[in-house]
Amino acid sequence: MSAARITLFTGYKPSPALVFPSMGSVVSHEFGPRNNLPPYVCIPNQPNEFAGTGYLSSSFAPFSLGADPAAGGFQVRDLNLPGGVDDNRFGRRKTALEAVNDYFKKMEESDKLDAMDTFYERAYSLISSQAAREAFNIDAEPAELRDAYGRNEAGQRMLMARRLVAAGVRLVSLTYGGWDMHNGIAQGMRGSMPAFDQAFAMLITDLERQGLLDTTLVMVSSEFGRTPKINGTAGRDHWPKVFSVVLAGGGIKRGSIFGSSNAVASEPEDEPIEPQDLATTVYHQLGIVADKELMAPGDRPIEIVDGGQVRKGLLA
């Protein structure tokens, strides 16, 4: 794969009355922004079109930082008013924009117009809230903690993810590294893995220490695995039959390994989990009905996940 993706979902609330924790019974189903923060953030950017909204309204698109938290002088794109624009001038601009938008909305109904309204309102809330803007201020973290995560892309991106989750962001997706190692995989892993290992271990420790791990589901995933054998250029090619995913927190059983491959990692052997099962289990923990039908263009009802099952062996 081109980059490792780490996703943090928030909102899980365990219930002692349930044998298998089920968000369908205990969550309030309140979605959308919290604390004037975007509900979905990508660090540092939306990696590709597949992390977007698909056939859903573009109002569900992620907020991208537009910069790397590990970079010197890091600033989130468009988070502050531009130079020369004070609050009064900003207010006049906002009023003028609303007048123009109202005119066009009377002339034409469009999802894009509604989506832009949503984006504008969220942007106004974000810019006008000092507490919301402060959530992106990674410099507010103690130097010792930033060092513990690692002063690199992996460390500072994961620290930013934890900071946003603590502030109220519901979904954070971050990418790190280049892992499509068709050539020189041993050297590539030595270059990429230590920083990831340090940062991920610290992320879980930090979430636990702050009392956030039980209500935050962390997932490390890729789109597929690698060939069991090294190729002619000392790398490994694409192999969809076997790959691993890490889940932590959010009602997932701790300290366990679920499923296994054969001895050469070419085929699943014990308790295989298919992608639709993984997705359904994650949605279950978030209180989302995985087989709910959403309406695609052309009035075509399409299930969120087709055919998946909740794998209760993964749950605490």
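As a reminder, the structure under discussion sits directly above these lines.
As the structure is a computational prediction, the values presented were derived from the model and not from experiment.

Engineer: Let's hear about the overall build of the chain: which residues, and what values?
Structural biologist: Looking only at helices and strands, the chain has eight helices and twelve strands in total. Across the 316 residues that make up the chain, the buried fraction comes to 39%. Pairs at least 24 residues apart make up 66% of the contacts formed inside the chain by residues separated by at least 6 positions. In the structure as shown, the chain presents an accessible area of about 17300 Å², 53% of it carried by carbon and sulfur atoms.

Engineer: Before we move on, can you summarise a nonpolar patch on the surface with the specific residues and values?
Structural biologist: Together, Tyr 55, Leu 56 and Phe 60 line one region of the surface with nonpolar side chains, adding up to about 280 Å² of accessible area. Looking at the secondary structure, you find Tyr 55 in the loop between strand S2 (40-43) and strand S3 (63-64).

Engineer: A description of the pairing of strand S11 (residues 293-296) should follow, citing residues and the corresponding values.
Structural biologist: Judged from the four bridges that link them, S11 and strand S12 (residues 300-303) form a sheet pairing that is antiparallel. In the sheet register, Glu 293 faces S12, and the bridge partner there is Glu 303.

Engineer: Tell me what's going on with the nonpolar core, and back it up with residues and numbers.
Structural biologist: Ranked by size, the top nonpolar core spans 43 residues in total, and within it Leu 8, Ile 43, Met 158, Leu 164 and Val 218 carry the most contacts. Elements with a minimum of two residues in this core: strand S1 (4-10), S2, helix H5 (143-149), helix H6 (153-167), strand S4 (171-176), helix H7 (185-209) and strand S5 (216-221). Element by element, the count of residues in this core is highest for H7, at nine residues. Not counting residues within four places of it along the chain, the set of residues in contact with Val 218 comprises Ile 6, Thr 7, Leu 8, Phe 200, Leu 203, Ile 204, Leu 207, Val 246, Leu 247 and Ala 248.

Cut-offs used in this document
- Residues numbered from 1 in each chain as written.
- Predicted model: local features only at pLDDT ≥ 70, side-chain atom pairs only at ≥ 80, totals over all residues.
- Heavy atoms only, no water.
- Helix = DSSP H or I, 4+ residues; strand = E, 2+ residues; numbered from the N terminus.
- Buried < 20%, exposed > 50% of the residue type's maximum accessible area, 1.4 Å probe, protein only.
- Contact = heavy atoms within 4.5 Å.
- Areas by Shrake-Rupley, 256 points an atom, 1.4 Å probe, with all protein chains shown as cover.
- Patch = residues over 30% accessible without salt bridge, like charges linked within 9 Å, V, L, I, M, F, W, Y side chains within 5 Å.
- Salt bridge = Lys/Arg side-chain N within 4 Å of Asp/Glu carboxyl O.
- Pairing = 2+ DSSP bridges.
- Core = buried A, V, L, I, M, F, W, Y, C linked by side-chain atoms within 4.5 Å.

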